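An overview of the molecular structure
Below are the chains, spelled out letter by letter.
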Amino acid sequence: MYFAIYRRTLISTHKERLYWHIRKIVLNHEDTDDILQNTFIKVFKHIDTFKGDSKLYSWMYRIATNESLSFLNKKAKQMKTDLSDLQEQRVQNLKADVYFDGDEIQLKLQEAIISLPQKQQLVFNMRYFDDMKYEEISDILDTSVGALKASYHHARKKIESQLMNKE
Amino acid sequence: MDQEKKNILNEIKKSGTGFKAPEGYLESLEDRMGKTFRDLKNSEAKALDKEIKIDATDVFPSLNKIDRKHGFRVPKGYFDQLESELTKSKKTKIISLNDRNKRLFYLSIAASILLFFGIQYMNTTEITSEQLLLQDQEIANWIEADLIHFDSNEIAEAFSDVELQDAFYTDDEVFDYLNDIDIENLILEN
């Protein structure tokens, strides 16, 4: 009984941030929904192994990130293609996606993001869209703040340059 | 040029990511997740019901506003004292034969031996019958005061050399006894 209330509260508190975090990695709503539900199931299944050495939401973000990346890798394997081709395809699908109402520049931005190495994509999304602090990102990705700052700087530079060239 | 580039990203950011979620999707997520959890196999559900070992403030952010003080206190220095008390009681005393206790140790052994033989030598007188009687009387008092309990086996063992015939009172002795005592009191007492 108490666990059900606790579960509900935990979902309510974190669902939105986790949803958008996953969505920016896998791009479409349907897959995001599956991954989000799997994330919560994994969270509750392994909550007794949560050591408390990081914040609960960082731990949940880590699970969500791993789930999303595993999903993409699995999908690429199934389709016998590599990850960058798969992502390229998924960005192109956004044009017909009813749950994407971005204009051309936003689509270009997504194209630029997926051209980055995987880790830079994550750092850029978390910092640029979610305004997350480097300390928080560091907790989630288990990377030093210095390395994250460098990563974000490179990512931003590459994206800006791509957007300028495409214009 | 750099300023121009920065403006592009800043401008895009203002209009958001372009991603949308279906209407009511996030609002109804808890209910749908509730169903998912109910549909899980029993074994998995049991695993979910394990004791929760997490920081409640992560789940209930409003708890962050509450000062984490429970109000209970312990006497000043209690834990320090407790620790030293526990350590003290656990320490075993080590007798060193190399310090000044060495002499005292041997002296005490010698004194014990002397005292033992001394008592044996001096205490040669036999216990008098009077002393024995006194002891019997003392034992009798204890039995009467209900301080010692014997069962029939113990009594039989103690009087193994007494003939059964001699152990009984004669009829006259019983009649005399019954005439002397107050029957009413005897009944009340028992």
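Definitions and limits used
Residues numbered from 1 in each chain as written. Chains lettered and ligands numbered in written order. Predicted model: local features only at pLDDT ≥ 70, side-chain atom pairs only at ≥ 80, totals over all residues. Core = buried A, V, L, I, M, F, W, Y, C linked by C-beta atoms within 7 Å. Buried ≥ 20, exposed ≤ 12 C-beta atoms within 10 Å, placed from the backbone. Domains from an automatic or database assignment. Contact = placed C-beta atoms within 7 Å. Axes fitted to C-alpha atoms, helices over the stretch in contact; angles between N-to-C directions. Helix = DSSP H or I, 4+ residues; strand = E, 2+ residues; numbered from the N terminus. Parallel < 35°, antiparallel > 145°, perpendicular 65-115°, else oblique. Nonpolar A, V, L, I, M, F, W, Y, C, P; charged D, E, K, R; others polar. Expected span 1.5 Å × (residues − 1). pLDDT = per-residue confidence, 0-100. Arc of directions from axis to C-beta. Left-handed = near helix turned anticlockwise from the far one by under 90°.

**Description of the nonpolar core**
All names here are of chain A.
- Core analysis: the biggest nonpolar cluster contains 41 residues, and Ile 22, Met 60, Val 123 and Phe 124 have the highest contact counts within it.
- Both domains that furnish three or more residues to this core are identified here as domain 1 (1-101) and domain 2 (103-167).
- Not counting chain neighbours up to four residues away, the residues in contact with Met 60 comprise His 14, Leu 18, Thr 39 and Val 43.

**Notes on the packing of helix 4 (residues 83-93) of chain A against helix 5 (residues 104-114) of chain A**
All names here are of chain A.
- Where helix 4 contacts helix 5, the axes come no closer than 10 Å and their chain directions differ by 175°. As far as their axial angle goes, helix 5 and helix 4 are roughly antiparallel. Of the residues in helix 5, those in contact with Gln 87, Glu 88 and Val 91 of helix 4 are Gln 110, Glu 111 and Ile 114.
- Per-class residue counts for the contact of helix 4 with helix 5 are two nonpolar, two polar and two charged.

**Considerations on helix 6 (residues 118-129) of chain A**
Residues and elements named next belong to chain A.
- A rise of 1.5 Å per residue sets the reference length of helix 6, with its 12 residues, at 16 Å; its end C-alpha atoms lie 16 Å apart and thus fit the reference within 8%.
- Within the sequence span of helix 6, burial applies to Gln 120, Leu 122, Val 123, Phe 124, Asn 125, Met 126, Arg 127 and Tyr 128.
- Backbone geometry just after helix 6 places Asp 131 at a positive phi near 50°.

**Notes on the confidence of the model for chain B**
All names here are of chain B.
- On average, residues of chain B score 64 in pLDDT, and 36% of them are at 70 or above.
- Confidence drops under pLDDT 50 across residues 50-71; counting only partners more than four residues distant or on other chains, this segment forms 24 contacts.
- Reported confidence for the predicted complex is 0.74 by ipTM and 0.57 by pTM.

**Details of helix 7 (residues 134-141) of chain A**
Residues and elements named next belong to chain A.
- Buried within helix 7 are the following residues: Ile 137, Ser 138 and Ile 140. The buried residues of helix 7 all sit within an arc of 165° when viewed along its axis, so they share a single face.
- Immediately downstream of helix 7, the backbone of Asp 142 shows phi near 55°, a positive value.

**With respect to the packing of helix 3 (residues 56-78) of chain A against helix 7 of chain A**
Residue and element names in this part refer to chain A.
- Two elements in contact, helix 3 and helix 7, have axes separated by 8 Å at closest approach and are oriented at 55°. It follows from the interaxial angle that helix 3 and helix 7 lie oblique. Helix 3 and helix 7 meet at a crossing whose hand is right-handed. Together, Ser 58, Tyr 61, Arg 62 and Thr 65 of helix 3 and Glu 136, Asp 139 and Ile 140 of helix 7 make up the contact between the two elements.
- In the contact of helix 3 with helix 7, the residues fall into two nonpolar, two polar and three charged.

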